[in-house]
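# Structural overview
One letter stands for each residue in the lines below.
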Amino acid sequence: MSSKPSSLFIIWVLIERDLRTLVKSPWILINRTVFFLIQLFVFAFLITKLASSLGFNYFAFYSVGAVVSTITSIAFIIGEDLFEEEEMGLLDYLLSLPFGHTLFVIGRALGGAVRGLIYVTPMMILVAYLDGYFSVVGVAGSLLVIFVLATGISGLSITLAMLIRNANRFDIMIALAELATVRVSAAIYPLVYMPKVLQPLATYSPVTSASDIVRAIFLPGYASEPYETVVLVLFVLIFFGLGSAFLFRKLEGGKFE
Amino acid sequence: MAMIQFKDVAKSFKDVYAVKGVTCDIEDQEIFGLLGPNGAGKTTLIMTMATVYNPTRGEVVVDGHSASAEPDKVKSLIGISFQDPKYDRILSAREILQWHGKVTGVEKGVREKRIDDVLTKFGLAGEAKKRTWMLSGGTKKKIENAKVFVQRPKIAVFDEPTAYLDVPSRLMVWDMIDELRDGGTTVVLATNMMDEADRMSDRVGIMSRGEMVQVGEPARLKGTLKGRDVIEMKLEAPFPELVGEVKHVEEVKEAHFEGDLLKIALSNGRELLPHMINLVTAKGGKVQSVNLKEPSLEDVFLHYTGTTLT
Ligand SMILES: Nc1ncnc2c1ncn2[C@@H]1O[C@H](COP(=O)(O)OP(=O)(O)OP(=O)(O)O)[C@@H](O)[C@H]1O
Ligand SMILES: [Mg+2]
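Residues numbered from 1 in each chain as written. Chains lettered and ligands numbered in written order. Predicted model: local features only at pLDDT ≥ 70, side-chain atom pairs only at ≥ 80, totals over all residues. Heavy atoms only, no water.

## Focus on the overall build of chain A
Along the backbone of chain A there are eleven helices and zero strands. In sequence order, chain A lays out its α and β elements as α-α-α-α-α-α-α-α-α-α-α. Relative to the globule expectation of 18 Å for 257 residues, the C-alpha radius of gyration of chain A, 19 Å, shows essentially globular dimensions. Buried residues in chain A amount to 56% of all 257 residues. Considering only contacts in chain A between residues 6 or more positions apart, those separated by 24 or more positions represent 76%. Of the roughly 11,300 Å² of accessible surface on chain A, 72% is carried by carbon and sulfur atoms. Distance between charge centroids for chain A: 2 Å, based on 16 positive and 17 negative side chains. (Helix = DSSP H or I, 4+ residues; strand = E, 2+ residues; numbered from the N terminus. Rg over C-alpha atoms; globule rule 2.2 N^0.38 Å. Buried < 20%, exposed > 50% of the residue type's maximum accessible area, 1.4 Å probe, protein only. Contact = heavy atoms within 4.5 Å. Areas by Shrake-Rupley, 256 points an atom, 1.4 Å probe, with all protein chains shown as cover. Lys, Arg positive; Asp, Glu negative; His and termini not counted. Charge placed at Lys NZ, Arg CZ, Asp CG, Glu CD.)

## A look at the confidence of the model for chain B
Residue and element names in this part refer to chain B. Across chain B, the average pLDDT comes to 93, with 99% of residues at 70 or higher. Looking over chain B, one finds the lowest element-wise mean pLDDT in helix α8 (residues 218-224), namely 87, and the highest in strand β8 (residues 186-190), namely 98. Both scores are available for the predicted complex, with the pTM at 0.87 and the ipTM at 0.85. (pLDDT = per-residue confidence, 0-100.)

## Some details on the sheet that holds strand β12 (residues 252-258) of chain B
All names here are of chain B. Read across the open sheet, the four strands follow the order β12-β13-β11-β14; overall the sheet is antiparallel. Here the strands that pair on one side only, and so sit at the sheet edges, are β12 and β14 (287-293). Direction aside, neighbouring strands of the sheet carry axes that sit 15° apart on average. Of the strand pairs in this sheet, β12 and strand β13 (residues 261-266) are connected by six bridges, and their pairing is antiparallel. Counterpart to V252 in the pairing with β13 is L266. Sheet strands touched by helix α10 (residues 269-282): β11 (229-235), β12, β13 and β14. Its angle to β11, the strand with the most contacts, is close to 30°. (Pairing = 2+ DSSP bridges. Axes fitted to C-alpha atoms, helices over the stretch in contact; angles between N-to-C directions.)

## What to know about the interface of chain A and chain B
Between chain A and chain B, the residue contacts involve 34 residues of the former and 37 residues of the latter. Both faces combined, the contact of chain A with chain B buries some 3,200 Å², and carbon together with sulfur accounts for 57% of it. Summed over the shared surface of chain A and chain B, the result is three salt bridges. With its nearest N and O atoms 2.6 Å apart, the salt bridge here joins D88 of chain B to R17 of chain A. At the boundary of chain A with chain B, the tally comes to eleven residue pairs in polar contact (both at pLDDT 80 or more). Only α1 (7-23), α5 (90-95) and α11 (226-253) of chain A provide two or more residues apiece to the side of chain A that touches chain B. When residues in the side of chain A that touches chain B are grouped by element, the largest group, eight residues, is from α1 of chain A. Residues that form the side of chain A that touches chain B fall into these classes: 16 nonpolar, ten polar and eight charged. (Buried area = accessible area lost by both parts, 1.4 Å probe. Salt bridge = Lys/Arg side-chain N within 4 Å of Asp/Glu carboxyl O. Polar contact = N/O pair within 3.5 Å; in protein donor to acceptor, adjacent residues only side chain to side chain. Nonpolar A, V, L, I, M, F, W, Y, C, P; charged D, E, K, R; others polar.)

## Here's the deal with the packing of helix α3 (residues 58-75) of chain A against helix α6 (residues 101-131) of chain A
All names here are of chain A. Axis separation between α3 and α6 bottoms out at 8 Å; the angle between their running directions is 170°. When the axis of α3 is compared with that of α6, the two are roughly antiparallel. Residues F59, A60, S63, V64, V67, T70, I71, I74 and A75 of α3 lie in contact with α6, whose contacting residues are G112, G116, L117, Y119, V120, M123, M124, V127, L130 and D131. Tallied by class, the residues present in the contact of α3 with α6 amount to 14 nonpolar, four polar and one charged. (Parallel < 35°, antiparallel > 145°, perpendicular 65-115°, else oblique.)

## Focus: the site of ligand 1
All names here are of chain B. In the vicinity of ligand 1, 14 residues are found, and the nearest of them are G39, K42, T43, T44 and Q83. Within the backbone of G41, an N or O atom sits 2.9 Å from an oxygen atom of ligand 1. For ligand 1, the accessible surface in isolation is 630 Å², of which the surrounding protein chains cover 67%. The leading source of residues in the shell around ligand 1 is helix α1 (residues 42-49), at three residues. Of the residues belonging to the shell around ligand 1, the class tally is six nonpolar, seven polar and one charged. (Near = heavy atom within 4 Å.)

## A look at the nonpolar core
Ranked by internal contacts, the top residues of the largest apolar core, which has 114 residues, are F104 and I146 of chain A together with I4, F6, L45 and M49 of chain B. With 14 residues, the single largest contributor to this core is α6 of chain A. Residues contacting L45 of chain B, with those up to four places away along its chain left out, are F6, V9, V19, V22, L34, M207 and M212 of chain B. Y87, A93, L124 and I177 of chain B belong to the second-largest nonpolar core, a separate cluster that totals 29 residues. (Core = buried A, V, L, I, M, F, W, Y, C linked by side-chain atoms within 4.5 Å.)

## Details of unusual backbone geometry
Residue and element names in this part refer to chain B. In this model, D63 sits at a positive phi of 50°, which is unusual for a non-glycine residue. With respect to the element layout, D63 can be found in the loop between β4 (57-62) and β5 (65-66). Backbone geometry at R152 places phi at a positive 45°, although glycine is not the residue there. Locating R152 in the fold gives a position in the loop between α5 (137-151) and β7 (155-159).

## Details of the coordination of the magnesium ion (ligand 2)
Residue and element names in this part refer to chain B. Distances from the magnesium ion (ligand 2) to its protein donors, namely T43 (OG1) and Q83 (OE1), fall within the range 2.0 to 2.2 Å. Separated by 40 residues along the polypeptide, T43 in helix α1 and Q83 in the loop between β6 (78-81) and α3 (93-103) bring together distant segments of the chain. Its relative accessible area of 25% is what places T43 among the partly exposed residues. Residue classification places Q83 among the partly exposed positions, given a relative accessible area of 35%. (Donors = N, O, S within 2.8 Å, 3.2 Å for Na, K, Ca; no water.)

## What to know about the sheet that holds strand β1 (residues 4-13) of chain B
Residues and elements named next belong to chain B. On the basis of which strands lie adjacent, the open sheet formed by four strands has the order β2-β1-β4-β5 and antiparallel pairing. Of all the strands in the sheet, just β2 (16-26) and β5 have a single pairing partner and so form its edges. Where β1 lies against β4, five bridges are found, and the strand directions are antiparallel. Counterpart to I4 in the pairing with β4 is V62. Sitting on the sheet, α1 is in contact with β1, β2 and β4, with an inclination near 115° to β1.

Structure, rendered in structure tokens:
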């Protein structure tokens, strides 16, 4: 017979599973890393030269945003995992295990976020070094901020996975959500250069918030508004709530209904 | 009180009822065989107990806890070996078992020992590190079963545990299930293999089209098929006058000759066998050989699931 494990232990075990599957698929890591490096050293370098006449260090701006964008798109993967788990029937197994649905969503969202953090930590250190503002406290603080963001993005991604049943539609929705969160934000270009209609949206994007907060930590001359922290925290809470609510709803009705 | 109580449990998918009001108790530490043709609703019934499906109607009570009201409590008592193996194909057998043991609260030292033990028993020690998607169908099924043997839950559910398995592995799984029960576990065993059900189960429940049509000990169920025993006596020569004599015995339903073979359909064939031989001999019949056919669990199954009886 076995004893009942604590909630914290369950969350850890769920995270551990997501880490184990990550370790077993290293090519995803390689793929994203190469993409990141190319963006940084080819794209950002070029644009920085073009934009240097504006008296604006685009490279510093972009490099932080690139890390934030990368962790955002990695955090979206957890929803794809969950969707696949449902398709393969693995979700039945996971839901027969001795923990509640809320704990399951929390564990998975954190799992997605921890995975993202592991991916981008070397990138963050590299960026801090390239920008010339490396400090342990700075890096740690920045990692904390993007971890919070990644948790929320994972929650959003899980919510979509719970909401959409058709595989093609799900792929499209995830791609759109990724596009919307990364592109309609101040992650890789300043808000002022964005189309007017998108600016209000981008202003309150959690990705904008996270990028601005990290820049404020790292780069001189950047500041972050207090409301941005609020946006970030609200985003996380809302999608934790929605993710577990939709998981509940799905189960209450029984699967495939 | 029964360990598992199904109280008028029904489950529909859209407008199709997979389970239509099952009421049935499963006792503590019994091995309960769940039988029924493909699509009868066995797996669906199990899933309502495991809280994976919420019943459309009725409730399941497990060790005094309602599966809908206290799902976490119920889930902590149950371990399931699914019909289709369910685990991460990218992980190795050892990783899968480690993770399963951990999440179900099996302490580390015990866990590792049980994993080694079960991997050795299944002859999988050499394959324990391979990604499981590349293993054979039978091996995948063994790993699915192994999850429950590592967990040793209060209630173990096996959904077709020996499908795809070779003969030695089937025997091994049966032994391990027996051992599990001897250790205090209640076992629900869904199967389409009648020999397995007969050999393993204290009681069986037969499902047909979403309903539980019969529950009881295999021997008792066979006994319900009265008049379905057959005694075949091979005589030296046909002896038609004997038919009338034999039919005077109350338990005999029917008798006739097929060549020199006297076929007698009756109830209580086993007890009446000596009497019938004496009777035939006393009337001058020379009996050369005798064969008694009793209903098998398969006959019981076919009878209660409405499939034709041969
Ligand atoms: N998730 C589902 N969605 C829709 N219908 C389902 C689902 N699961 C089962 N069914 C239907 O419910 C009925 C019972 O299926 P179930 O899997 O419980 O049968 P079973 O007795 O386990 O059969 P088998 O011996 O083939 O394993 C079938 O008609 C099946 O098509
Ligand atoms: Mg089944």
